[in-house]
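The residues making up each chain are set out below.
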Amino acid sequence: MCSLQLQSQPFLNLSRTNSYPTLSKSPSSLPFFSTSTCIFKLKFRASSSPVQEFPPNALRRKSNPQWRGGFSLGVDLGLSRTGLALSKGFSVRPLTVLKLRGQKLELQLLEIAENEEADEFIIGLPKSWDGKETPQSNKVRSLAGRLAVRAAERGWRVYLQDEHGTSTDAAYRMINLGLGKSARQKSSDAYAAVILLERYFAMSGEDIEIVLPKQMDLQEKLRRGAPLDIDFS
């Protein structure tokens, strides 16, 4: 990995209408690629920032309020559970909680993104109150790097967003929504992903980090983006 500084409603039905349990309502085999990646911190004032080549959906929305499409998948990675949230248009909702690790988790994330027509992953990066990274941060960066290579094959982007405080905010959100203790325990990770996505859009994607594959052919696929959805053409 190389680093370059470039300056609501609750959905609690755990049915399996898709191949994964959702809060609102067997991953397929995918090829394995090299995990060589670069991570760039996006600073919008930098004239040569990669944000100009690989803009996140939050920035596209800020630049053009009429812009449509570009769904975002928020990912809150835990030690044993991964919470997901989805942004379609201006709505953000909790999606599901996965109890997978390693390659199985990565493949499931790709499958869910395809099913939900998302073209970017916003992954929470653990940080302490003073902005410093934690021991868990390296594990998150490692997974993000592997996922970015696979995602780039489809024209999808992977970003890292500071997740400090999202779990606490999620707990307050669920209490305010009237969720009981059992429901909160089941969906806390998904609501943390909701807070993550809301923070990302509120800040218009500022100070996030894009995780880029080193391979130039994959970067070119990111420039072209995901195949055009006829529903938004």
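Predicted, not measured: the structure shown is a model, and the values here were computed from it.

## Brief notes about the packing of helix H4 (residues 166-176) against helix H5 (residues 181-202)
In step 1: Two elements in contact, H4 and H5, have axes whose closest approach is 8 Å; the angle formed by their N-to-C orientations is 115°. Here H5 runs roughly perpendicular to H4, going by the angle between their axes. Considering only the axes of H4 and H5, their crossing is right-handed. When H4 is examined against H5, the residues Thr166, Ser167, Asp169, Ala170, Arg173, Met174 and Ile175 are found in contact with a partner set consisting of Arg184, Ser187, Ser188, Tyr191, Ala192, Val194, Ile195, Leu196, Glu198 and Arg199.

## Structural notes on the environment of Ala170
In step 1: Locating Ala170 in the fold gives a position in helix H4.
In step 2: We classify Ala170 as buried; its relative accessible area is 1%.
In step 3: Sequence spacing of Ala170 and Leu196 is 26 residues, and the spatial spacing of their C-alpha atoms is 9.4 Å.
In step 4: Excluding residues that lie within four positions of it along the chain, Ala170 makes contacts with Ser188, Tyr191, Ala192 and Ile195.

## Description of the nonpolar core
In step 1: The biggest cluster of nonpolar side chains holds 27 residues, and the ones touching the most others in it are Leu73, Leu109, Phe121, Ile123 and Val158.
In step 2: Those elements giving two or more residues to this core turn out to be strand S3 (71-77), strand S4 (82-88), strand S5 (91-98), helix H2 (102-116), strand S6 (118-125), helix H3 (135-152) and strand S7 (157-162).
In step 3: Residue contributions to this core peak at 6 residues, all from H3.

Thresholds applied
Residues numbered from 1 in each chain as written. Predicted model: local features only at pLDDT ≥ 70, side-chain atom pairs only at ≥ 80, totals over all residues. Heavy atoms only, no water. Axes fitted to C-alpha atoms, helices over the stretch in contact; angles between N-to-C directions. Helix = DSSP H or I, 4+ residues; strand = E, 2+ residues; numbered from the N terminus. Parallel < 35°, antiparallel > 145°, perpendicular 65-115°, else oblique. Left-handed = near helix turned anticlockwise from the far one by under 90°. Contact = heavy atoms within 4.5 Å. Buried < 20%, exposed > 50% of the residue type's maximum accessible area, 1.4 Å probe, protein only. Core = buried A, V, L, I, M, F, W, Y, C linked by side-chain atoms within 4.5 Å.

Remember that the coordinates give geometry; whether it matters functionally is a separate question.
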